[in-house]
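Spelled out from the first residue to the last, the chains are:
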Amino acid sequence: MLEITEGSYAVAEAVGKCRPQVIAAYPITPQTHIVEALAEMVANCEIDADYITVESEFSALSACLGASAAGSRVYSATTSQGLALMFEVCFNCAGMRLPVVMSIANRALGAPLSIWNDQQDSISLRDSGWLQLYAEDNQEATDLHYLAYKVSEDHSILLPSFVCFDGFILSHTYEPVDTLTQEQADSYLPPFRPFQRLDAADPISFGMYAPPDYYMEFRYEIDQALKKALSVIPKAGGEFGELFGRDYSGLVESYRMDDAEIALVAMGSICGTIKDAIDEMRDAGKKVGLLKLRVFRPFPTKEVKKALSGVSSVAVLDKNISLGAKGAVALEVKDALYGSQIPVYGYIIALGGRDVRKKDIAKVVSLAEGGKGDLFYGLREEVLK
Amino acid sequence: MAIGTGCSARPGMSRNNKTGSWRVFRPEFINEKCTSCGMCRIVCPEGCISENEEGLPVPDYDYCKGCGLCAEECPSEAIEIKKEEK
């Protein structure tokens, strides 16, 4: 049923329909509404889950780790500094192969303190072994949770997932969202079937010590499983499309790319603005298209290469910066196009909530046309002095 | 040994890892001075000291890391720490 809902509430609603058995989270702006709503659902007995209140994000994800190892479907949500505090546990969840699903309402990282949106938080955990899915709008943000559980819990994957959506821009925006009914959700997402679990009657330990002659093999196995998700996500996303009409079989999504000369590459809510900007540029005769990344980890190198093979230049918009290098997405796109003659220009944009409008997208395209890239877009010179 | 998904392991796997090889100092038990108080067994962090029929301590050098706690705590100074010779 289509309802006008705040992004956070829509996500909470979808998570509830995924039937999590244990939820542990710590409130942090702009994620708070999600866990508030879930706490209310638990208190009202609307969902059959244990809600563990904790004193920090480190404890929140640790509780999820333990509950997942004990065989429960678990959920958490966080952002920014909260995710930074979970750093160690994130690597442990992946290493212990626990299919935790966590929402990230993307927010900038301090210092300086910023509660506003960019994607530095989740991008900074790109090497942790978690799947990273990015939503363009609230409909996608909710749907990706079902997909995340489905893929994470697949016994050939067994890795945790971040479902990322831009803080405030999506989390606090009211949009029409079609929420699945419980029956629909159940038809897509079966009950959690743990691959192995903690059981006092049949004891097992997770994430044990690995000396130098074993450690590399464990890392290799995680890498292999993550790469396997490149084929499991399209299958699970396609199945979602068949059932509910919204197809997520693409790791990437092309918008007006068929005859595009300049391709923009981006992830998250900025893609909506880009699509409108492209329509205007197209009306003015500019052949511009968008390649939207829905999946950042595992990185769909092959799909990106294929989608960009016919363009004459590529402009990558990064809401993050790998300080001292480039934007994380630009680095990956350059890697995907290595060996081709297509120039890739990276633009660091919209950090810490800096607004991006259609005219900014048009300016980025002009910069790429002029061969100017690898820069911070929209710096205020008067502030820099 | 094949590796378990998520580096999972059944109980008792640490028995295969004979940490005694890490030892630099080795506790030597002087039975003549021993009063069989059992302190060394209690304080051993590895739990690798047992007791024989006469009540005397028997170390398991497969797992003794040579921390020296037993010698430090022994009220009768019946344990001497010597440099391990390999």
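Residues numbered from 1 in each chain as written. Chains lettered and ligands numbered in written order. Predicted model: local features only at pLDDT ≥ 70, side-chain atom pairs only at ≥ 80, totals over all residues.

Residues and elements named next belong to chain A. Domain annotation for chain A reports domain 1 (2-244) and domain 2 (252-384). Opposite the 26 residues of domain 1 that make contact, domain 2 presents 20 residues. Looking at side-chain class alone, the side of domain 1 that touches domain 2 contains 14 nonpolar, six polar and six charged residues. (Domains from an automatic or database assignment. Contact = placed C-beta atoms within 7 Å. Nonpolar A, V, L, I, M, F, W, Y, C, P; charged D, E, K, R; others polar.)

A few words on the interface of chain B and chain A. Taken residue by residue, the interface counts nine residues in chain B and 16 residues in chain A. Classifying every residue of the side of chain B that touches chain A gives five nonpolar, three polar and one charged.

Residues and elements named next belong to chain A. The residue after T29, namely P30, is reached through a cis peptide bond having omega 0°. Within the secondary structure, P30 sits in the loop between β2 (22-25) and α2 (32-43). Residue G110 is joined to A111 through a cis peptide bond whose omega torsion reads 0°. Secondary-structure assignment places A111 in the loop between β5 (101-106) and α6 (120-123). Of note in the backbone geometry, A350 takes a positive phi value of approximately 60° without being a glycine. Turning to its location among the elements, A350 is positioned in the loop between β14 (344-348) and α13 (358-369). On the basis of neighbour count, A350 is assigned to the buried category, with 28 C-beta atoms found within 10 Å. Positive phi is not limited to glycine here, since D374 has a value of about 50°. (Helix = DSSP H or I, 4+ residues; strand = E, 2+ residues; numbered from the N terminus. Buried ≥ 20, exposed ≤ 12 C-beta atoms within 10 Å, placed from the backbone.)

On to the pairing of strand β4 (residues 74-78) of chain A. All names here are of chain A. The buried fraction of β4 is high, at five of five residues. Where burial is concerned, the two faces of β4 agree: the one with V74, S76 and T78 and the one with Y75 and A77 are both buried. In this sheet, β4 lies alongside β2 in parallel orientation, the contact comprising two bridges. What sits directly across from V22, in β4, is V74. Across four bridges, the pairing between β4 and β5 is parallel. Each residue of the ladder has a partner; that of S76, found in β5, is M102. (Pairing = 2+ DSSP bridges.)

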